[in-house]
Amino acid sequence: MEQVPALQIDGHTLIESVSIMYYLEETRPQRPLMPQDVLKRAKVREICEVIASGVQPLQNLIVLIHVGEEKKKEWAQHWITRGFRAIEKLLSTSAGKFCVGDEITLADCCLVPQVFNARRFHVDLRPYPIILRIDRELEGHPAFRAAHPSNQPDCPPEAAK
């Protein structure tokens, strides 16, 4: 599809965030990001799926170009808000310190970039206190700090906020 992400690893090239995360989870078990409990695993997958299927694709550059410069902010705000309402509802029954309980999971890895995008498109985040609390909790974590767009070598200046 000529899009990112793509990861070259172990002699293979993998595409799409969630499939990459599942591969890493299954091949590097020393730092698990999926709970052992089957129900909690399902909750992680629910949150990841809402983000990966219902929120994030509608903000892809190719979609925003198609929507047009004059409508892209309104478009992004609409779909992020719709997705965040669903995510906030899911989190109301699954969250502890993080998205699903008190351990960082793949759901947290999916959530944080969407909060970044929400801020980029000036979405009012006040209606999502659980999302905001989790984002605040994770913003100081070394792995999330290192993964922040502003810390990437190819980060454009306008994204380094």
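Residues numbered from 1 in each chain as written. Predicted model: local features only at pLDDT ≥ 70, side-chain atom pairs only at ≥ 80, totals over all residues. Heavy atoms only, no water.

## A few points about the overall build of the protein
How we decide: Put simply, DSSP marks the helices as runs of H or I at least four residues long and the strands as runs of E at least two long, and each gets a number from the N terminus on. Burial here depends on accessible area, computed with a 1.4 Å probe over protein chains only, as a share of the maximum for the residue type. Under 20% is buried, over 50% is exposed, and the range in between is partly exposed.
Looking only at helices and strands, one finds seven helices and two strands in the protein. Written out in order from the N terminus, the α and β elements of the protein read β-β-α-α-α-α-α-α-α. The principal-axis extent of the C-alpha atoms belonging to the protein is close to 45 × 40 × 25 Å. A total of 161 residues make up the protein; the buried ones form 34% of that total.

## Some remarks on the pattern of salt bridges
This is how the line gets drawn: What counts as a salt bridge is simple: a side-chain nitrogen of Lys or Arg found within 4 Å of a carboxyl oxygen of Asp or Glu.
The full count for this structure, using the stated rule, is seven salt bridges. Between glutamate 46 and lysine 43 there is a salt bridge, and its shortest N-O distance comes to 3.3 Å. One end of the pair, glutamate 46, and the other, lysine 43, are both in helix H2 (residues 38-55), three residues apart, so they sit about a helical turn from each other.

## Considering the pairing of strand S2 (residues 12-15)
As a reminder, the rule being used: The pairing criterion for strands is at least two bridges between them, as found by DSSP.
Note: strand S1 (residues 6-9) against S2, four bridges, orientation antiparallel. Across the sheet, the residue bridging to glutamine 8 is threonine 13, located in S2. The antiparallel hairpin formed by S1 and S2 contains two residues in its connecting segment, where aspartate 10 sits at a positive phi of about 55°.

## Points about the packing of helix H4 (residues 72-94) against helix H5 (residues 106-120)
Heads up, the condition is: Axis geometry follows a simple rule: fit a line to the C-alpha atoms, using only the stretch in contact for helices, then measure angles between N-to-C directions, giving values from 0 to 180 degrees. Each angle receives one of four descriptions, namely roughly parallel if under 35 degrees, roughly antiparallel if over 145, roughly perpendicular if within 65 to 115, and oblique otherwise. Should the near helix be turned anticlockwise from the far one by less than a right angle, the crossing is left-handed, and should it be turned clockwise, the crossing is right-handed. Working rule for contacts: check all heavy atoms of both residues, and any pair within 4.5 Å makes them a contact. Basically, the charged four are Asp, Glu, Lys and Arg, the nonpolar ten are Ala, Val, Leu, Ile, Met, Phe, Trp, Tyr, Cys and Pro, and anything else, Gly included, counts as polar.
Axis separation between H4 and H5 bottoms out at 11 Å; the angle between their running directions is 140°. Overall, the two elements H4 and H5 adopt an arrangement that is oblique. Regarding H4 and H5, the two cross each other, and that crossing is left-handed. Every residue of H5 that contacts H4 at Ile80, Phe84 and Ile87 is listed here: Leu111, Gln114, Val115, Asn117 and Ala118. Here the residues of the contact of H4 with H5 sort into six nonpolar, two polar and no charged.

## Details of the domain arrangement of the protein
For clarity, the cut-off: An automatic or database domain assignment provides the domain bounds reported here. Buried area, as used here, totals the accessible surface that two parts lose on assembly, with accessibility defined by a 1.4 Å probe and the loss added over both.
Annotation of the protein at the domain level lists domain 1 (1-31) and domain 2 (35-151). Its C-alpha centre places domain 1 at a distance of 19 Å from the equivalent point of domain 2. Carbon and sulfur atoms make up 71% of the area that domain 1 and domain 2 hide from each other, which totals about 530 Å². There are zero salt bridges connecting domain 1 and domain 2.

## Re the UniProt feature "domain: GST C-terminal" (unreviewed entry) in the protein
Definition in use: UniProt positions are given in the numbering used here, feature names are shortened, and annotations may be inferred rather than shown by experiment.
Mapped onto the present numbering, the UniProt feature "domain: GST C-terminal" (unreviewed entry) falls on residues 37-157. Structurally, residues 37-157 is divided into 66% helix and 0% strand, and its ends, taken at the C-alpha atoms, are 42 Å apart.

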